[in-house]
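# Per-entry structural report
Given next are the chains, with one letter for each unit.
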Amino acid sequence: MTPGPDKAFPRRLYDVAVIGTDPGGAATAAILSRRGLRVLLAADGPLVPKESDGWVLPGAVPAIPSLRQLAGAAPVLDDLGLAQELLRQSAGPAGALQILGGSLRLSLPADPSRRRTELRRELPDDWAAVESGLEALEPLAKTWDLFLHEPPPLPARGFFERRRLRKILPYPPPDLPEGFVGEALQALAPFCASLVGDTAAEAAAREASTLLRAPLRLWSGAAQVWELLRGKAEAGGTHVLAGRCARLRVERRGASFELEGAEVRANVIVLATSPPRIAELCQGGGRIERNVVEESALAVSGKVGLAHFVVRAEAIPQGLEEASLLFTGDGAGLLACHPARRARGEMRSERLLTLCRTVDPADTDGAALIASARKALEPVLPFFDRHIVHETFDLDPQQGQRLLRPHEGMHSEPIGVRPVSEAHERVAFASREVYPGFGLEGSMLAARACAGHALELSGRKQVAAT
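In short, a report on the structure. The residue count restarts for each chain, going from 1 along the sequence in the order it is written. With pLDDT at 70 or above as the cut-off, local features in this predicted model cover only qualifying residues; side-chain atom pairs require 80 or more to be listed or tallied, and sums for whole chains, interfaces and linings still use all residues. Based on all heavy atoms of the structure, the side-chain values leave hydrogens and waters out of the count.

## Considerations on helix H9 (residues 179-188)
Heads up, the rule is: Only protein chains enter the accessibility calculation, which uses a 1.4 Å probe. A residue is then buried if its area is under 20% of the maximum for its type, exposed if over 50%, and partly exposed in between. Under the scheme used here, helices are H or I runs from DSSP no shorter than 4 residues and strands are E runs no shorter than 2 residues, and both carry numbers assigned from the N terminus. Only heavy atoms matter for contacts: two residues are in contact if any of them lie within 4.5 Å across the pair.
Every buried residue of H9 is accounted for by Val181, Gly182, Ala184, Leu185, Ala187 and Leu188. Buried residues along H9 sit in contact with strand S6 (97-100), helix H6 (127-135), helix H7 (137-142), helix H10 (201-213), strand S14 (323-328) and strand S15 (331-339).

If you want it as C-alpha cells, here you go:
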C-alpha cells in the first residue's frame, strides 16, 4: 500500500529530484546523496517485479556488458563501491557467451586455450581468423577510452565545442572486424546501445564487443543495475518513492511536480525516463515544458521486445550457456537461460528462456513475437515447445531498449540529448538518450555530468563523498 502524502513526504523541498528508472538517474541520486544533498528518487511507477501466471519475469535484457571494463562507467562504480557487487550478482564466470546457429554451438570462455579449442572444434576452416578478430576486441574498445574520460560535449553546440569534439574523437575511426566476429558485433549492438549502425560505430566497438568477450549475466540486466544503484542511493540518504509523477512545471529557480497527491519542489529536476514519459509529465505546461519535450523527442526506429518461455528442465540441452547470441534464418536475438522463479518464492526445477528480439516501435502484437521466437529457437532447441509450461511476452520492459534512427550520411552530427537541458538549466537528463551510442556506459556518463551540474548549482561542488 502506498503511504499517504503526510507519511510519504517528511520533506517537501529537495535539492535534486530524479524521476524515472534509467540507471543513470539512480546513479545521479547515489552520487549526490553521498555528497550531502537532499535527494528524491521517484521511480515514477510501482517497484515490483513483473509477473505472469505466478512466474517472475526479468525487467530487461538479462545480459549486460562488463561495466568495470568501460572507462566511462568505472568512476561511478568505484565511487559507489559497486564493481564487486555487480560481479558477485552476475551468473557464472565472465566471458562464456555462446553463439548458436542451426549447426553451431560455439562457447567463448575467457581462457585463451579453452577458447581456441572451442574455435577449432566448431570452426575448423576459419578458427584462426575468428581468433584474431576476438583478440582485436579489447584494443578496439579502448580506442574510445580517452574520449570518455570525461562526459564529452555531445551533441556539440557552436564552433568551439565542435572543434573540441574533433580533437578528442578517435581519428581515424576504428575499423570493426569483418567476417564472423563483425557479424556478431552488429547482431549484439541493438541489445547494448540505443544507437547502432554505420553512424554509431562506438556501440559495436565498446558495448557489443565487451558483451561478446566478457558478459555479465544478470537476471534483470539494466533493471538489476538500477536496483543496486537505488540501494546505494537510499543508503546515502536519498528518499526513494514509487508513486506516479505528473504535472512537471519548471520555474526560474527550480521545478515542481505532483506525486501521489502531494506537491514536490526541487532546485534541480533530473529526468531519467523515456521521451514519451517526459511528454506525459510536461503535458499542459508552458513554453519551457514544451521545449523540454521537443529536445528529448528523438526519432525511434525500433525497440527490443522479450519473449519468455518457462520450460521443464529436460527441454534444455547439455552445454547451453546462460547467455547466447542466436543466429537463425529468422534473424538474430539474445537468449538467456535462468532458473525459473515463482512469485511466492518456492523452489522449482523449471527453467526460464528469455529471447530478446528487435521489433517495430509501434508493435503491440505479442502473439507474433511469441510465434517468431518459437521459430527462431526451433533449430537450436529442437522440440523444446513440447516442454513449455508457460509462455508470455513483454513489449514494454521496465528498462526497455529503444533504438534511435540514425541521421543520414556518415558525417552527420552526433545524435542525443545534452545532459543539461537547453530549455532551462534547472532541468537535466540522465537517460540512455544522452549518449545513446554507449548504452549503460552512456547512462553512467550522463550521471556524472548531471551530478556535477547539480553540485555546481548548489555551490557544493567540492564537498567530498561521505
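Let us keep going from here.
## Let's talk about the nonpolar core
Selection rule: We call a set of buried residues a nonpolar core when its members are Ala, Val, Leu, Ile, Met, Phe, Trp, Tyr or Cys and they connect through side-chain atoms within 4.5 Å of each other.
Core analysis: the biggest nonpolar cluster contains 120 residues, and Leu212, Phe257, Ile269, Leu271 and Val292 have the highest contact counts within it. Per-element tally for this core: the top contributor is helix H15 (residues 439-458), with nine residues. If we skip the residues at most four places from it in the chain, Leu212 touches Leu97, Ile99, Leu108, Leu134, Leu137, Val181, Ala184, Leu185 and Leu188. Leu100, Leu320, Leu326 and Cys337 belong to the second largest nonpolar core, which has 23 residues in total.

## Some details on the packing of helix H2 (residues 23-34) against H15
Selection criterion: In this analysis, axes come from line fits to C-alpha atoms, helices being fitted only over the stretch in contact, and the angle between any two N-to-C directions falls in the range 0 to 180 degrees. Oblique is the label for every angle not falling under 35 degrees (roughly parallel), over 145 degrees (roughly antiparallel), or within 65 to 115 degrees (roughly perpendicular). Note on convention: near helix rotated counterclockwise from far helix by under a right angle means a left-handed crossing. Clockwise means right-handed. Under the grouping applied here, Gly and all other residues not named as nonpolar or charged are polar, the nonpolar ones being Ala, Val, Leu, Ile, Met, Phe, Trp, Tyr, Cys and Pro and the charged ones Asp, Glu, Lys and Arg.
Axis separation between H2 and H15 bottoms out at 8 Å; the angle between their running directions is 40°. Relative to H15, H2 is oriented oblique. Seen along the crossing, H2 lies across H15 with a hand that is right-handed. Across from Pro23, Gly24, Ala27, Thr28, Ile31 and Leu32 in H2, the residues of H15 making contact are Leu440, Ser443, Met444, Ala447, Cys450, Ala451, Ala454 and Leu455. Of the residues that constitute the contact of H2 with H15, the class distribution is 11 nonpolar, three polar and no charged.

## Some points on empty space enclosed by the protein
Quick reminder of the rule: With a 1 Å grid laid over protein atoms only, a set of points is called a cavity when a 1.4 Å probe fits there but cannot get out and a pocket when it is open yet has protein on both sides within 12 Å along at least five of seven lines; lining residues have an atom within 4 Å of a point. Grid points are joined across faces, edges and corners, and a volume is the space filled by probe spheres set on the points.
Taken as a whole and assessed by the stated rule, the structure comprises two cavities of 30 Å³ or more. Here the largest cavity is characterised by a volume of approximately 170 Å³. Together, 17 residues line the largest cavity, and Phe191, Cys192, Ala222, Gln401 and Arg432 are the ones closest to its centre. Among the secondary structure elements, those contributing two or more residues to the lining of the largest cavity are strand S5 (64-65) and H15. Looking at which element gives the most residues to the lining of the largest cavity, the answer is H15, with three residues. Split by residue class, the lining of the largest cavity holds 10 nonpolar, five polar and two charged. Considered as a void within the structure, the second largest cavity measures approximately 40 Å³ in volume. Around the second largest cavity sit Ser66, Leu67, Arg68, Leu77, Ala83, Leu86, Leu87 and Leu216, which together line it. For the lining of the second largest cavity, the leading source of residues is helix H4 (residues 83-89), giving three residues. A per-class count over the lining of the second largest cavity returns six nonpolar, one polar and one charged.

By themselves, these observations are geometric and do not establish any function.
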